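Listed below, chain by chain, are the residues.
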Amino acid sequence: MSNSNHPTSPHLQIYRLPLTALLSITHRITGVILAFGCLLLVWILAVAADSAEAYQAIEPHLGSWYGQIFLLGFIFSLYLHFCNGVRHLFWDVGYGFELEVVDITAKLAIAMAVILTIATWVVAGVA
Amino acid sequence: MTDFRSPLSRVKGLGSAKDGTSHFWRQRLTSLLMIPLVLWIGFSLAALPVDHATLTGWIQQTWVTIALILLIIVTFYHAQLGLQVIIEDYVSSHSRRTVILLLSNLACLLLGTIGVVSVLKISFGA
């Protein structure tokens, strides 16, 4: 390339990502978070299958502050990926491509993820 | 533009990756299956006390065992497909990409198997 000063687009350090682009990269990030989270959940399941004693040894960690942060983070990532995934499914069958609609469904997906997270947390608190 | 593709390759429509839209299609089907399963597992686990007896007793119900195994298989299949796309997009070195893809696929297969076996072990009360 002879003209190395030529601006490239989109310049990710300067260009302010629109909400949809931000949600798009967040979808990938939450996907990776969920994959690693599932690793931990399967490990807990395997410990529970191993013996009651082994499970009781790790049970306090689930109720600890870092356990609660992990669970809350996992649940929010799950619902955000879930809601944005449903948004993707609508696009896949050809609906919701208009710019205003794209923006509305982005905000709707985030709002639904927050509501579902709070609802799950409330159910967990009541139980 | 001259089209260098043979009539056979055009009619098959499988492209350079040799599997056409099959990856895309599997990703969508697994996500559709997970819509009810994710809502079910999220709220069921939230409503459950986390002690060992309650947890295993819940898993031992036949329909829970079935739904859980289904969820685990579909989840790790979906995860494998998703991680594959991310790795293919961001790891440009061909040799490194191949190794990371193999490790990622193996990890998903292994975790899915551990999950299914754990559910079965609890379910059969071993």
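Residues numbered from 1 in each chain as written. Chains lettered and ligands numbered in written order. Predicted model: local features only at pLDDT ≥ 70, side-chain atom pairs only at ≥ 80, totals over all residues.

### A look at the overall build of chain B
Regarding its fold elements, chain B presents five helices and zero strands. When the helices and strands of chain B are placed in sequence order, the string is α-α-α-α-α. The buried share among the 126 residues of chain B stands at 18%. Pairs at least 24 apart in sequence give 70% of the contacts found in chain B among residues at least 6 apart. (Helix = DSSP H or I, 4+ residues; strand = E, 2+ residues; numbered from the N terminus. Buried ≥ 20, exposed ≤ 12 C-beta atoms within 10 Å, placed from the backbone. Contact = placed C-beta atoms within 7 Å.)

### Structural notes on the overall build of chain A
Secondary structure assignment for chain A yields four helices and zero strands. The linear arrangement of helices and strands in chain A, starting from the amino end, is α-α-α-α. The C-alpha radius of gyration of chain A comes to 20 Å, more than 25% above the 14 Å expected for a compact globule of 127 residues. On the principal axes, the C-alpha backbone points of chain A span a range of 65 × 40 × 25 Å. Counting all 127 residues of chain A, 23% fall into the buried class. Once local pairs closer than 6 in sequence are excluded, the contacts in chain A between residues at least 24 apart make up 73%. (Rg over C-alpha atoms; globule rule 2.2 N^0.38 Å.)

### Observations concerning the interface of chain B and chain A
Taken together, the contact between chain B and chain A spans 24 residues of the former and 26 residues of the latter. Residue assignment for the side of chain B that touches chain A shows that the elements contributing at least two residues are α2 (22–47), α3 (52–59), α4 (62–90) and α5 (94–123) of chain B. The biggest single contributor to the side of chain B that touches chain A is α2 of chain B, with seven residues. Broken down by class, the residue content of the side of chain B that touches chain A amounts to 14 nonpolar, eight polar and two charged. (Nonpolar A, V, L, I, M, F, W, Y, C, P; charged D, E, K, R; others polar.)

### Thoughts on the environment of W43 of chain A
Within the fold, W43 of chain A resides in helix α1 (residues 19–50). With 20 residues separating them in the primary sequence, W43 of chain A and G63 of chain A have C-alpha atoms 16 Å apart.

### Remarks on the packing of α1 of chain A against α4 of chain B
Interhelical geometry of α1 of chain A versus α4 of chain B gives an angle of 135° and a closest axis separation of 10 Å. Compared by their axis directions, α1 of chain A and α4 of chain B come out oblique. For α1 of chain A against α4 of chain B, the interelement crossing comes out left-handed. Packed against α1 of chain A, whose contacting residues are R28, G31, V32, A35 and C38 of chain A, the element α4 of chain B presents T75, A79, G82, L83 and I86 of chain B at the interface. Here the residues of the contact of α1 of chain A with α4 of chain B are counted per class, giving six nonpolar, three polar and one charged. (Axes fitted to C-alpha atoms, helices over the stretch in contact; angles between N-to-C directions. Parallel < 35°, antiparallel > 145°, perpendicular 65-115°, else oblique. Left-handed = near helix turned anticlockwise from the far one by under 90°.)

### As for the packing of helix α3 (residues 65–92) of chain A against α2 of chain B
The description of two packed helices rests on the angle between their axes and on the distance between the axes. Closest axis-to-axis distance for the α3 of chain A/α2 of chain B pair is 11 Å, and the angle between their directions is 145°. The way α3 of chain A lies across α2 of chain B gives a crossing that is left-handed. On α2 of chain B, the residues touching I75, L78, F82, G85, L89 and D92 of chain A of α3 of chain A are R28, S31, V38 and G42 of chain B. Here the residues of the contact of α3 of chain A with α2 of chain B sort into five nonpolar, three polar and two charged.

### Some points on the confidence of the model for chain B
All names here are of chain B. Averaged over every residue, the pLDDT of chain B is 93; residues scoring 70 or more account for 98%. Highest mean pLDDT in chain B belongs to α5 (98); lowest belongs to helix α1 (residues 7–12) (81). Model confidence for the complex is summarised by a pTM of 0.90, with the ipTM given as 0.89. (pLDDT = per-residue confidence, 0-100.)

### Some thoughts on the nonpolar core
When a protein is soluble and globular, its nonpolar side chains tend to lie buried together. Counting residues in each nonpolar core, the largest one holds 33 residues, and the members touching the most others are C38, A48, L78, Y79, C83 and A113 of chain A together with A79 of chain B. Every element with two or more residues in this core is listed here: α1, α3 and α4 (99–126) of chain A together with α2, α3, α4 and α5 of chain B. Looking at this core element by element, the count peaks at eight residues for α1 of chain A. Setting aside residues no more than four positions away along its own chain, A48 of chain A makes contact with Y55 of chain A together with H52, L55, T56 and I122 of chain B. (Core = buried A, V, L, I, M, F, W, Y, C linked by C-beta atoms within 7 Å.)

### With respect to α5 of chain B
All names here are of chain B. Helix length check: α5, at 30 residues, gives a terminal C-alpha distance of 43 Å against a target of 44 Å (1.5 Å per residue), a fit within 8%. For α5, every residue scored as buried is listed here: C108, L111, G112, G115, S118, V119 and I122. G125 lies just past α5 and shows a positive phi near 70°. (Expected span 1.5 Å × (residues − 1).)

### As for the environment of L62 of chain A
Counting through the fold element by element, L62 of chain A comes out in helix α2 (residues 52–63). Once residues lying within four places of it in the same chain are set aside, the contact partners of L62 of chain A are G67 of chain A together with V50 of chain B.

### Quick notes on the environment of G125 of chain B
Within the element layout of this structure, G125 of chain B appears in the segment after α5. The spacing of G125 of chain B and S22 of chain B is 103 residues in sequence and 39 Å in space, taken between C-alpha atoms.

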